[in-house]
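Reading the structure
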Amino acid sequence: MASFGRLRSAISIFNKSVFLTSHRSNLQRSLIAPSNSLASRNYADLPGQKDKKVKLPKAMYGGSGNYASALYIAAVKANAVEKVESELLAFAEAVKNSSTFSQFAKDPSVAKDVRVKAIQEICGEAKFSDVTKNFLVIVSENLRLKNIDTIAKRFVELSMAYKGEVKASVTTVFPLPPEEEKALKDTLQEMLGTGAKVHLEQKIDPSILGGIVLEFSQKVFDMSIKTRAQQMERILREPVNIGNI
């Protein structure tokens with residue numbers, strides 16, 4: 001992904017910069033403020049699109065859910081949901097992979113204008129959209145960069161619902177062969193109907209001993225050998241009523 005490569009380059013440049021060694025450097029004094037302060041407006045508002053009403057496809061809760069919801073509204077207004085999703089995931093991944101930037105993002109002692117300048121330069125180098133850039137600036141100003149991974153996950157949930165995708169996960173002892181994975185996806189597709197697109201995630205867990213555990217749409221179908229063995233054990237432990245024999 002080109003944007004991810006540019007982002008890694010930007011993070012690398014940041015790691016070699018003076019942000020961590022001089023919080024009150026010339027960069028602070030030369031910071032160019034945007035024409036409209038991002039701190040004084042909602043990042044979900046875009047010029048010429050304030051009248052467009054956007055309904056959330058699913059409810060989000062908590063601080064991270066609120067941030068993800070606001071970003072979703074802005075992305076829908078800009079017709080850029082998939083692009084914003086890609087950029088946000090790339091940024092969250094880059095933060096996790098850079099201990100230096102992760103420490104910088106979580107340090108409340110870093111001056112606000114230094115954080116903003118860093119985010120603006122990184123987003124510019126990565127050629128992020130204005131929606132993503134403005135959002136990350138606000139997140140930075142509000143000291144919420146430490147929550148960016150959770151925010152990104154909540155946004156992905158909204159994005160998938162927007163695209164009509166249903167996330168499903170299947171847990172097995174060994175990876176499913178391609179033909180079995182396709183058969184499972186086809187079965188789920190039939191169950192969910194043509195209006196949904198199945199996004200299947202495979203998980204490996206030797207502790208289930210065999211069989212599968214399937215989860216989707218807040219439903220769990222546990223067909224693992226481990227669970228069957230536990231059920232059988234409970235049955236065998238129940239006392240036998242001789243009178244009914």
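Residues numbered from 1 in each chain as written. Predicted model: local features only at pLDDT ≥ 70, side-chain atom pairs only at ≥ 80, totals over all residues. Heavy atoms only, no water.

1. What about the overall build of the protein?
- Assigned secondary structure in the protein consists of ten helices and four strands.
- Scanning the protein from its N terminus toward the C terminus, one meets helices and strands in the order α-α-α-α-α-α-α-α-β-α-β-β-β-α.
- Across the protein, the fraction of contacts at a sequence separation of at least 24, relative to all contacts at a separation of at least 6, is 73%.
- Only carbon and sulfur atoms are counted for the fraction: they give 52% of the accessible area of the protein, which is about 14,500 Å². (Helix = DSSP H or I, 4+ residues; strand = E, 2+ residues; numbered from the N terminus. Contact = heavy atoms within 4.5 Å. Areas by Shrake-Rupley, 256 points an atom, 1.4 Å probe, with all protein chains shown as cover.)

2. Overview of the pairing of strand β1 (residues 165–172)
- Among the eight residues in β1, seven count as buried, and that is most of the element.
- Pairing geometry for β1 and strand β2 (residues 197–204), over eight bridges, is parallel. By the bridge assignment, valine 166 is partnered in β2 with valine 198.
- Where β1 and strand β3 (residues 211–216) come together, four bridges link them in antiparallel fashion. (Buried < 20%, exposed > 50% of the residue type's maximum accessible area, 1.4 Å probe, protein only. Pairing = 2+ DSSP bridges.)

3. Examining unusual backbone geometry
- For asparagine 79, which is not a glycine, the phi torsion comes out positive at approximately 55°.
- Positionally, asparagine 79 belongs in the loop between α3 (62–77) and α4 (81–97).
- Here leucine 209, not a glycine, exhibits a phi torsion of approximately 75°, which is positive.
- Assignment of secondary structure puts leucine 209 in the loop between β2 and β3.

4. Here's the deal with the packing of aromatic side chains
- Within the structure shown, the criterion is met by five aromatic pairs.
- Relative to phenylalanine 135, the ring of tyrosine 67 lies with its centre 6.4 Å away and its plane at 75°, an arrangement referred to as edge-to-face. Placement of the pair is tyrosine 67 in helix α3 and phenylalanine 135 in helix α7 (residues 130–141), with a sequence separation of 68 residues. The exposure classification of tyrosine 67 matches that of phenylalanine 135, with both residues buried.
- For the ring pair phenylalanine 91 and phenylalanine 101, a centre distance of 6.0 Å and an interplane angle of 90° mean the geometry is edge-to-face. (Phe/Tyr/Trp six-rings, centres within 6.5 Å; stacked < 30°, edge-to-face > 60°.)

5. A closer look at the nonpolar core
- Formed by 39 residues in total, the largest nonpolar core has its most connected members in Leu88, Phe91, Ile119, Phe135, Leu136 and Phe155.
- Where this core is concerned, the elements lending two or more residues are α3, α4, α5 (99–106), α6 (112–126), α7 and α8 (148–162).
- Counting nine residues, the second-largest nonpolar core is a separate cluster that includes Val170, Leu184, Val198 and Phe216. (Core = buried A, V, L, I, M, F, W, Y, C linked by side-chain atoms within 4.5 Å.)

6. Here we look at the layout of surface pockets
- Space inside the largest pocket adds up to approximately 640 Å³.
- Taken together, 20 residues form the lining of the largest pocket, with Lys58, Glu157, Met160, Val166 and Lys167 sitting closest to its centre.
- Breaking the lining of the largest pocket down by element, the ones donating at least two residues are α8, β1, β2 and β3.
- By residue number, the principal contributor to the lining of the largest pocket is α8, which donates six residues.
- Across the lining of the largest pocket, the residue classes break down as six nonpolar, four polar and ten charged. (1 Å grid on protein atoms, 1.4 Å probe; cavity = no way out; pocket = protein on both sides within 12 Å on 5 of 7 lines; lining within 4 Å. Points joined across faces, edges and corners; volume = space filled by probe spheres on them. Nonpolar A, V, L, I, M, F, W, Y, C, P; charged D, E, K, R; others polar.)

7. Comments concerning the sheet that holds β2
- Strand order in the open sheet formed by four strands is β2-β1-β3-β4, with mixed pairing between adjacent strands. Each having just a single partner strand, β2 and β4 (219–224) make up the two edges of the open sheet. For this sheet, the mean inter-axis angle between neighbouring strands, taken without regard to orientation, is 15°.
- Together, β1, β2 and β3 form the strand contacts of helix α9 (residues 178–192), whose direction differs from that of β2 by roughly 135°.
- Sitting on the sheet, helix α10 (residues 225–237) is in contact with β3 and β4, with an inclination near 80° to β4. (Axes fitted to C-alpha atoms, helices over the stretch in contact; angles between N-to-C directions.)

8. Some points on the pattern of salt bridges
- Overall, the coordinates contain twelve salt bridges when judged by the stated rule.
- Ionic pairing is found between glutamate 121 and lysine 117, a salt bridge with its closest N-O pair at 3.6 Å. With glutamate 121 and lysine 117 both in helix α6 and four residues apart, the pair spans about one turn of that helix.
- The exposure class assigned to glutamate 121 is partly exposed, which follows from its relative accessible area of 39%.
- The buried category is assigned to lysine 117, whose relative accessible area is 16%.
- Among the ionic pairs, arginine 237 bridges to glutamate 233, the shortest N-O distance being 2.6 Å. (Salt bridge = Lys/Arg side-chain N within 4 Å of Asp/Glu carboxyl O.)

9. Examining the environment of leucine 184
- Mapped onto the fold, leucine 184 is located in helix α9.
- Sequence separation between leucine 184 and valine 170 is 14 residues; the distance between their C-alpha atoms is 9.1 Å.
- In this structure, leucine 184 is in contact with Val170, Leu176, Leu200 and Leu214, ignoring residues within four places of it in sequence.

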